[in-house]
Amino acid sequence: MDIIQCTAIAPSNLACIKYWGKNLKVKKELNLPINSSVSITLDYNDELKTTTTIVLSKNFKKDRLFLNGIEEDDGCYNNKRVKIVLNEMRKLCKDENLKKLNLHIISENSFPTAAGLASSAAGYACMVTALSGVYNIDFNNNIKELSMVARQGSGSATRSLLGGFVKWNKGIKDDGTDSYAIQIAKYEHWKEMEAIILVVNEHKKEISSTNGMTDSVNTSLLLNYRAENIVEKRLNEICEAYKNKDFNTFALLTMKDSNQFHATCLDTYPPIFYLNDVSKSIIQLIHKLNNKNIKYCYTFDAGPNAVIFTLKENTQNLLNELLKIYCPSLSDCRDNPKFNYVRGRTKLTRDDVRNQLNSLSTPYQGKISYIYHTGVGKGSRILSKEEEKIEGLADKNGYPKKYNN
Ligand code: PMV
């Protein structure tokens, strides 16, 4: 069968100065933010990535979307954002024959979807990158345009196309043509920057970021004050800090901005609670560990999971402290004691951890399900044909190799 295909991988990213709030005065589909934001792109080599294979064929009767081996209802037509991304990518494609073909989008996340681990960022960035491959749109020469398409899928996705430290400029035009991501520093610039992600709850979040943002924009005076008076100054300061590798300033701004974002959630009416008691205990622990000088900083997105940034020299110490308090006890998870409790750059099973620790008992034992150890990484990219043979998700007919339906 005649098929054209391309596979891409994309990283997740974590915002240090948060995007929270859509500009409700412009066309909704443009997905424009009320403030600019910056994030660190995570390393896709550490088990936190999306892989997407796009297949085009004249034999396909309609566009179809397969997420983690399951087909989405009604192909792509049900999912408004996927539809917008597809339309925009077809507009960018110069080849009339290619854009007429129906396609299959086959996508897999290596981490929990919609649990506040920025899965939509990696997902839409990956889709756009793989589509640029099948539509012959040169990725590097069109990064600005592609970043604007990704934005229409999910705001944070606009930042996952690029590696290192990335800023999404909100722009001032109502048509969104100046709202895209730019790279502030390459991933090589501060390779010592590492991230520890604490999965407190991997279930789907209760209030989606889109609904949460809309409620916040409509009801929180604090959010609107923040967007108008606080964010720009913070962005300038944190970009300087990152360029100068000034961890102290970087960390202070990251923690304060996370706290302010969650304060705007509390200021929303009715209030939104993304943090839970475990999240709060992590915040307290970090401040305790930072007693003399700042070595660690936390940030939380729209969920209870914590991300802690630190420099490589301090990671081991942090992991030790966390494991003592949060690792499940021997009697927990009896069914699967060998599962990887720490993943990514450090790999430890629950049993490895318990064997190293004395039989401690704390109120928070087992409250962190598992941990990722990762760091700053590169942006999304198209896989070579050789890599695609191993990592591609489509079989020879253009259907998912893993099909759960
Ligand atoms: O891209 P969305 O719509 O999932 O929103 C992301 C919102 C935050 O993760 C909380 C902040 C951010 O800048 O990524």
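Here the structure is a predicted model, which means the values were calculated and not measured.

About the criteria used
- Residues numbered from 1 in each chain as written.
- Predicted model: local features only at pLDDT ≥ 70, side-chain atom pairs only at ≥ 80, totals over all residues.
- Heavy atoms only, no water.
- Helix = DSSP H or I, 4+ residues; strand = E, 2+ residues; numbered from the N terminus.
- Buried < 20%, exposed > 50% of the residue type's maximum accessible area, 1.4 Å probe, protein only.
- Contact = heavy atoms within 4.5 Å.
- Near = heavy atom within 4 Å.
- Polar contact = N/O pair within 3.5 Å; in protein donor to acceptor, adjacent residues only side chain to side chain.
- Areas by Shrake-Rupley, 256 points an atom, 1.4 Å probe, with all protein chains shown as cover.
- Pairing = 2+ DSSP bridges.
- Axes fitted to C-alpha atoms, helices over the stretch in contact; angles between N-to-C directions.
- Salt bridge = Lys/Arg side-chain N within 4 Å of Asp/Glu carboxyl O.
- Expected span 1.5 Å × (residues − 1).
- Core = buried A, V, L, I, M, F, W, Y, C linked by side-chain atoms within 4.5 Å.
- Phe/Tyr/Trp six-rings, centres within 6.5 Å; stacked < 30°, edge-to-face > 60°.
- Lys NZ or Arg CZ within 6 Å of the ring centre and 35° of its normal.

> Please give an account of the overall build of the protein chain that cites residues and values.
The number of helices and strands found in the protein chain is 13 helices and 16 strands. Across its three principal directions, the C-alpha atoms of the protein chain cover 65 × 50 × 40 Å. Every one of the 405 residues in the protein chain was classed for burial, and the buried ones make up 56%. Across the protein chain, contacts joining residues at least 24 apart in sequence account for 76% of those joining residues at least 6 apart.

> Could you give an account of the site of the ligand, with specific residues and numbers?
For the ligand, the set of nearby residues contains 14 residues, the closest of which are Tyr 19, Ser 154, Ser 156, Arg 159 and Ser 209. Between the ligand and Tyr 19, the relevant distance is 2.9 Å, taken from an oxygen atom to a main-chain nitrogen or oxygen of the residue. Between the ligand and the protein, one listed contact pairs an oxygen atom with a side-chain N or O atom of Ser 156 at 2.6 Å. Burial of the ligand by the protein chains amounts to 94% of its free accessible area of 380 Å².

> Just give me the short version of the environment of Glu 240, but keep the residues and values in it.
The topology assignment puts Glu 240 in helix 8 (residues 231-243). Given a relative accessible area of 41%, Glu 240 falls into the partly exposed group. Each C-alpha atom of the pair Glu 240 and Leu 198 lies 28 Å from the other, and the pair is 42 residues apart in sequence.

> I'd like to hear about the pairing of strand 11 (residues 296-300), residue by residue, with values.
Within strand 11, five of the five residues are buried, which leaves the element mostly enclosed by the surrounding structure. With five bridges connecting them, strand 11 and strand 12 (residues 306-311) associate as antiparallel partners. Counterpart to Tyr 298 in the pairing with strand 12 is Ile 308. As consecutive antiparallel partners, strand 11 and strand 12 are separated by five residues.

> How would you explain the sheet that holds strand 5 (residues 64-67) if you had to name every residue and give the values?
The strand order across the open sheet built from six strands is 6-5-7-4-1-16, with neighbouring strands paired in mixed fashion. In this open sheet, the two strands that pair with only one neighbour each are strand 6 (70-71) and strand 16 (381-382). Where helix 1 (residues 80-92) meets the sheet, its contacts fall on strand 5 and strand 7 (102-109), and the angle it forms with strand 7 comes to roughly 125 degrees.

> So what's going on with the pattern of salt bridges? Residues and values would help.
By the definition in use, this model includes 20 salt bridges. A salt bridge links Lys 91 to Glu 88; the nearest nitrogen and oxygen atoms lie 2.9 Å apart. Taken together, the residues span about one helical turn, with Lys 91 and Glu 88 both in helix 1 at a distance of three residues. Look at Lys 91 and you get exposed, because its relative accessible area is 60%. Among the charged side chains, a salt-bridge network with shared partners connects Asp 43, Asp 46, Glu 194 and Arg 345.

> Could you give an account of helix 1, with specific residues and numbers?
With 13 residues, helix 1 extends 19 Å from end C-alpha to end C-alpha; this agrees with the ideal 18 Å at 1.5 Å per step. Every buried residue of helix 1 is listed here: Val 82, Ile 84, Val 85, Leu 86, Met 89 and Arg 90. In this fold, the buried residues of helix 1 make contact with strand 5, helix 2 (96-100), strand 7, helix 3 (119-134) and helix 4 (143-153).

> How would you explain the sheet that holds strand 13 (residues 340-344) if you had to name every residue and give the values?
Overall, mixed pairing links the six strands, which are arranged 11-12-10-15-13-14 in an open sheet. Whereas interior strands pair on both sides, the edge strands pair on one side only; in this sheet they are strand 11 and strand 14 (348-349). Two strands pair when backbone bridges link them, and strand 13 and strand 15 (residues 370-375) are joined in this way by three bridges, in the parallel orientation. Counted as the bridge partner of Val 342 is Ile 371 from strand 15. In the packing of helix 9 (residues 247-267) onto the sheet, the strands contacted are strand 10 (193-199), strand 11 and strand 12, and the crossing angle to strand 11 comes to about 25 degrees. Strands in contact with helix 10 (residues 277-289) are strand 10, strand 11 and strand 12; relative to strand 11, the strand with the most contacts, it is inclined by about 160 degrees.

> Describe the nonpolar core, with residues and values.
Counting 61 residues, the largest nonpolar core has Ile 40, Phe 165, Met 193, Phe 250, Ile 282, Phe 309 and Tyr 341 as its most contacted members. Leave out the neighbours within four places in its chain, and Met 193 touches Ile 40, Tyr 242, Phe 247, Phe 250, Phe 309, Thr 310, Leu 311, Gly 375 and Val 376. Residues Cys 6, Ala 8, Ile 54 and Val 85 belong to the second largest nonpolar core, which totals 32 residues.

> Lay out the packing of aromatic side chains in plain terms, naming residues and giving numbers.
Scanning all chains against the criterion turns up 16 aromatic pairs. Geometrically, the ring pair formed by Phe 165 and Phe 250 is edge-to-face, given 6.4 Å between the ring centres and 65 degrees between the ring planes. With Phe 165 in strand 8 (residues 165-168) and Phe 250 in helix 9, this residue pair connects regions lying 85 residues apart in the sequence. What makes Phe 165 buried here is its relative accessible area of 0%. Ring centres of Tyr 370 and Tyr 372 lie 5.7 Å apart, and the angle between their planes is 75 degrees; on these two criteria the pair is classed as edge-to-face. Each of the two residues, Tyr 370 as well as Tyr 372, counts as buried. Among the aromatic residues, ring-to-ring pairing joins Phe 165, Trp 190, Tyr 242, Phe 247, Phe 250 and Phe 309 into one connected group. In this arrangement the basic side chain of Arg 343 is found over the ring face of Tyr 370, its NZ or CZ atom lying 3.6 Å from the centre.

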